[in-house]
Every structure is written in structure tokens, then in C-alpha cells.
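Coordinate inspection notes
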Amino acid sequence: MDELELKPSSAALGVEVRGVELSGALDSEIADRLRAAFVEHVVLVFRDQSLTPEGLLAFTRLFGEPMAHPLNTRRHLDGFPDILVLENRPGLPSARNDYWHSDISHLERPPTATLLYARTVPEGRGDTMYCNMRRAYEALSAGMKDAIANLRAWHSPEATIRRNNEEHNDGLPIVDPPPPHLHPVVRTHPDTGNRALYINPHFTIHFEDMTREESRTLMEPLIAQATRPENIYRHHWREGDLVMWDNRSAMHYAVRDYDETMPRLMWRTTTAGEVPA
Ligand code: OGA
Ligand code: MN
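Basis of the calculations
Residues numbered from 1 in each chain as written. Chains lettered and ligands numbered in written order. Predicted model: local features only at pLDDT ≥ 70, side-chain atom pairs only at ≥ 80, totals over all residues. Heavy atoms only, no water. 1 Å grid on protein atoms, 1.4 Å probe; cavity = no way out; pocket = protein on both sides within 12 Å on 5 of 7 lines; lining within 4 Å. Points joined across faces, edges and corners; volume = space filled by probe spheres on them. Helix = DSSP H or I, 4+ residues; strand = E, 2+ residues; numbered from the N terminus. Nonpolar A, V, L, I, M, F, W, Y, C, P; charged D, E, K, R; others polar. Buried < 20%, exposed > 50% of the residue type's maximum accessible area, 1.4 Å probe, protein only. Pairing = 2+ DSSP bridges. Donors = N, O, S within 2.8 Å, 3.2 Å for Na, K, Ca; no water.

**Some points on the layout of surface pockets**
Here the largest pocket defines a volume of roughly 240 Å³. For the largest pocket, the full set of lining residues is P201, H202, T204, I205, H206, R212, S215, R216, M219, E220 and I223. Among the elements of the structure, β12 (204-207) and α6 (212-226) are those that each provide at least two residues to the lining of the largest pocket. No other element matches α6, which puts six residues into the lining of the largest pocket. When its residues are assigned to classes, the lining of the largest pocket shows four nonpolar, four polar and three charged.

**Some details on the pairing of strand β15 (residues 250-254)**
With four of five residues buried, β15 is to be regarded as a mostly interior element. Sheet topology places strand β7 (residues 128-132) next to β15; five bridges connect them, and they run antiparallel. Following the sheet pairing, M129 is matched in β15 by Y253.

**Quick look at the coordination of the manganese ion (ligand 2)**
Donor atoms from the polypeptide that coordinate the manganese ion (ligand 2) comprise H101 (NE2), D103 (OD) and H252 (NE2), at 2.1 Å from the metal. Counting along the primary sequence, the residues that act as donors to the manganese ion (ligand 2) give the motif H-x1-D-x148-H. Within this pair, whereas H101 is found in the loop between β5 (80-88) and β6 (113-120), its partner H252 is found in strand β15, the two being separated by 151 residues in sequence. Of the two residues, H101 and H252, both sit in the buried class.

Dropping the structure here:
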């Protein structure tokens, strides 16, 4: 049996999981321990993996039902509608993700887990940052926690539509945009009962019954708390890394310090989620 080892990646969130080959069949005890580590640590890092598309999907299924991107924001791998391809190469810069966000939070049921498998990495560049939204919530004052306890916010795909439809990149045009959705600002994790902040500056357009301008004044200190350096893990990619995160408890940010002459290729899967509560 594999000797599973968890090494903290930062004080804020994330563990590197050693001693496991994701391409093999994982026994149910290992799978249980990975699911528990995922919920507790929010970000799991696996190094030196060698995965086929089928292998990536089989591993994804340990955490939930794979879902195709409902907006088809990028091409998928030939024959694998549930594997999205993020590609950066000469003539085709990848669509930017350099803003803090939780994946597709404008859906009624945003995905639970996102998995990114690094195939090609520009050396020393293209890191991804993660911040812990559970710690961000816990660090708020009692007064602020009270103020936002029953607040809801609108999440919209409009920024992604602008990115895909108005910029030249690997993003596909979005032709039939879904409507915005209202979600609680404080989200309770269904497995642990932990509360986490659930807003992000990319998809969240304003709080319920407030203007965008009013919303900015409240949003700013919450996002500032969430993105303090000590609340972040910054992942330096190597080819063969698989990193997965819980969108209910984290935001992430793709550092854009490379250009289209520096190839980067990632495969991405997501698992179907629940209505945030
Ligand atoms: C994503 C994403 C980050 C990256 O796939 O959802 O934000 O570093 N990617 O490519
Ligand atoms: Mn993302």
C-alpha cells in the first residue's frame, strides 16, 4: 500500500501529498484520506504525476461527478468534453485569469473541486495563487461578521464574457450567457459546517439591494482581508503537477508574468457542486 504523507505548503492552506500515484487504482482507504485532506486543507498538490485523460477523469470522479464547462469558455480535449484545455502559445495567448476568483461562481450550482494538471509550464513563471476564505472569514471582527451574516451578493458572467468575446485569446466566444445568481456572502461548508467568505472581485458584481458603488466600499476590506500575503499559498508549477482546490473555501489567481512566446498547457476538470447555502 502507498505510504501517504502530507506536507504543509503554507500556513494558510494547502498540503503536498506524497507517496501516491494518481494513475493507479486507489484503494478506498486512500481515497477517503484524500477526500478528508481536500476538505481540511482546501488545496492538494501532487507532484510528478503521469496521467492520461482517462486517468485524470477517473481521479476526478473520486471527488464528484465531472462536469463540462457550461459556457464552453475554452476548447476541450478531443473526445473528452469534461477536460478543458488552457493553452498559451505563439499566436494564441491564453485567456487571462489574473484576478481573484472562485470558479464559475455565477452558476446556480458552482463546481466544488477544480483540478489542474500541468502538461507544459513556462520555467519559473505562470504560478497560481490560492487564498483561504475560511481563515478570511474567521479573521473578521465580530461586528463585521454580524453585518454580513445575512447578506447575499449577485454573481455574473459579464467579466468572463468581455474577456472571451473582446480579447484575442484561446477563449471561445460565449454566445448564450446564463443569468446572474444570488449567493450568500457567508457560505457554510456542507461537510464540516465551517463558514467561509463567498464573494470574489471577478464574478461578484454587487450586494443584494445595493448599488455597485456602495458594494465596492464593503467588498474592498473583505477582499483585502482574504488576500493578505499570510493568507496565500503560491504554487510554482512543474510539469506533471496536479493541483486541486475546493472552490467553496478558496479563491485563486493566475499570475500573468509570461507572454505568448512561452508555452503553457494545462488540462482542467471540475466536479459538479451544490447550491451555496
Ligand atoms: C482555472 C484557472 C489558473 C491557472 O483554470 O480556473 O483559474 O493558473 N486557472 O491557469
Ligand atoms: Mn479559475
